[in-house]
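Topology and contacts: notes
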Amino acid sequence: MLIFSGKRLLALLLTVLAGVYLTIIIANMGGQVDELRLVQIRGEISEAVRADPAFQDMSSAERNELIQRQVALEVERLNLDQPFILRSFDYLYRAMRLDLGRAEQMHSDAGSRQVFDIIVERLPATLLLFGTANLLIFLTSVWVALRLSRRYGSVLDRSVVGLAPSSAAPAWFYGMFLILVFAFLLPVLPSGGMVTAPPPEGRLDYLASVVRHMALPLVAMFLSQIFISIYSWRTFFLIHSSEDYVEMARAKGLPEYLIQRRYILRPTLSPIVTSFLLMLIGLWSGAIILEQVFNWPGLGTLVFQAIGHRDTPVIIGTVVIFAYLLAATVFLLDILYGILDPRVRIEGGR
């Protein structure tokens, strides 16, 4: 087991390395972003020196020399005097150690310029919204699908099949209509944000405010995914309910609820757990647009702002965090497979 775990961890580490390095190359556009950064550094230092009254008595040549020295110091501090290929590996080394550096334009609400602090500040909001939505969708769809598999061809079953194509519309599409109806036509819920301003002082009042602000984006994601999810699981359970061992259990006269729990649900635990964990991996899927629509202060909004500011360290930092979460989830899946499914063996063992 230890050898298998070590091999899987090594393979996942190599995958994360490749993904992060490609992100570094793409985010820097092969080094062009660093060239733009050099121009920006020269412009900012030149403006600062010329606007400082302490340097007004200097001649033009002296000021230019001072500007060049300060530019050279800043370029050396950021390693911009090195070839991009060397800088890219330095970025990769620091990123894998979660030394994400300092943001160039952005900062956290607490005033920190450290990329790690900025991401950690925004991560709970995204986990709260998307984690709650995906958990609600998953539990509801599995529960409903399991019961629909017993009522194949019923009115409710045909209704779910007919509504399944509605999931083609993304969550932010439903979100705009929900905002129009429940925030403007019937102003019963806030149109955006995570909490009222100023935030309530009491814990219960603060929690109630967060729940009210979560309502619309939560419903938008639920409407976007629930019908196709129920349809998928219903088809999955229908296939397994036609297995020979299930028919044998019915022939023995076992209660239907016992058949579903022991002979349908239990053998399908592995794909069910896989589906749930993959839903957790996809927490950021659509987060940028949805969080912008609802002005939700999560990682999606952070990435959107970082792209607008061309803040490369923040963009790379979010990808690094996501890559680590992805690798940890895949590794956890490998372990759970061996626990849940006795047919899984390591290295072809019998």
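Everything in this summary refers to the structure shown in the same document. This one's a predicted model, so the numbers in the text were calculated from it and none came from an experiment. (Residues numbered from 1 in each chain as written. Predicted model: local features only at pLDDT ≥ 70, side-chain atom pairs only at ≥ 80, totals over all residues. Heavy atoms only, no water.)

Some remarks on unusual backbone geometry
Geometrically, the link from A197 to P198 is a cis peptide bond, its omega value of -5° lying close to zero. Looking at the secondary structure, you find P198 in the loop between α7 (171-185) and α8 (203-241). With phi around 55°, N295 is a residue other than glycine that occupies positive phi space. Turning to its location among the elements, N295 is positioned in the loop between α12 (287-293) and α13 (299-309). (Helix = DSSP H or I, 4+ residues; strand = E, 2+ residues; numbered from the N terminus.)

Notes on the pattern of salt bridges
Going through the model one piece at a time under the given rule, you end up with four salt bridges. Ionic pairing is found between E65 and R69, a salt bridge with its closest N-O pair at 3.4 Å. Note that E65 and R69 are positioned in helix α3 (residues 60-77) at a spacing of four residues, about one turn of the helix. We classify R69 as partly exposed; its relative accessible area is 45%. (Salt bridge = Lys/Arg side-chain N within 4 Å of Asp/Glu carboxyl O. Buried < 20%, exposed > 50% of the residue type's maximum accessible area, 1.4 Å probe, protein only.)

Looking at the packing of aromatic side chains
Across all of its chains, the model carries seven aromatic pairs by this definition. Taking 6.3 Å as the distance between ring centres and 80° as the angle between the ring planes, the aromatic pair formed by F138 and W233 counts as edge-to-face. Placement of the pair is F138 in helix α5 (residues 115-148) and W233 in helix α8, with a sequence separation of 95 residues. The class for F138 is buried, based on a relative accessible area of 8%. Feature note: the residues F138, W233, F236 and F237 constitute an aromatic cluster, connected by ring pairs. (Phe/Tyr/Trp six-rings, centres within 6.5 Å; stacked < 30°, edge-to-face > 60°.)

Things to note about the packing of helix α9 (residues 244-251) against helix α10 (residues 256-265)
In contact at an axis separation of 10 Å, α9 and α10 are set at 155° when each is read in the N-to-C sense. Regarding the angle of α9 to α10, the classification is roughly antiparallel. Crossing of α9 against α10: the hand is right-handed. Each of Y245, V246, A249 and R250 in α9 lies in contact with α10, whose residues at this interface are E256, I259, Y263 and I264. For the contact of α9 with α10, the class distribution of residues is six nonpolar, no polar and two charged. (Axes fitted to C-alpha atoms, helices over the stretch in contact; angles between N-to-C directions. Parallel < 35°, antiparallel > 145°, perpendicular 65-115°, else oblique. Left-handed = near helix turned anticlockwise from the far one by under 90°. Contact = heavy atoms within 4.5 Å. Nonpolar A, V, L, I, M, F, W, Y, C, P; charged D, E, K, R; others polar.)

Structural notes on the nonpolar core
Counting residues in each nonpolar core, the largest one holds 36 residues, and the members touching the most others are V20, M106, I119, L302 and V314. Top element by residues in this core is helix α14 (residues 312-340). It accounts for seven residues. Leaving out residues up to four positions away in the same chain, M106 has contacts with R113, I118, L302, Q305, A306, H309, D311 and V314. (Core = buried A, V, L, I, M, F, W, Y, C linked by side-chain atoms within 4.5 Å.)

A few points about the side chain of D311
Inspection of the secondary structure puts D311 in the loop between α13 and α14. Although D311 is buried, it makes no salt bridge; R113 carries the closest opposite charge, 6.0 Å away. The residues contacting D311, other than those within four sequence positions of it, are A103, E104, Q105, M106 and A306. (Lys, Arg positive; Asp, Glu negative; His and termini not counted.)

Here's the deal with the packing of helix α2 (residues 32-51) against α3
Put simply, α2 and α3 touch, their axes get as near as 9 Å, and they point 135° apart. Taken together, the axes of α2 and α3 lie oblique to each other. The two elements α2 and α3 meet at a crossing, and its hand is right-handed. Note on element contacts: α3 touches α2 through R63, N64, L66, I67, Q70, V71, E74 and V75, opposite L38, I41, R42, I45, S46, V49 and R50.

Observations regarding a nonpolar patch on the surface
A cluster of nonpolar side chains, contributed by F173, M176, F177, L180, V181, F182, F184, L185, L186 and V188, occupies part of the molecular surface with about 950 Å² of accessible area. Positionally, F177 belongs in helix α7. Exposure remark for F177: the relative accessible area of 48% places this residue in the partly exposed category. (Patch = residues over 30% accessible without salt bridge, like charges linked within 9 Å, V, L, I, M, F, W, Y side chains within 5 Å. Areas by Shrake-Rupley, 256 points an atom, 1.4 Å probe, with all protein chains shown as cover.)

Things to note about α10
Looking at α10, one finds that the buried residues are L258, I259, Q260 and I264. Contacts from the buried residues of α10 go to α5, α8 and α9.

Here we look at α5
Across its 34 residues, α5 extends 47 Å between first and last C-alpha, which sits within 8% of the 50 Å expected from 1.5 Å per residue. At R122, α5 shows its maximal kink, close to 30°; a proline, P124, follows between one and four residues later. (Expected span 1.5 Å × (residues − 1). Bend = angle between axes of the 7 residues up to and from the residue.)

Describing the environment of E47
If you trace the backbone, E47 turns up in helix α2. Put simply, E47 and I67 are 20 residues apart on the chain and 9.5 Å apart in space, counted from C-alpha to C-alpha.

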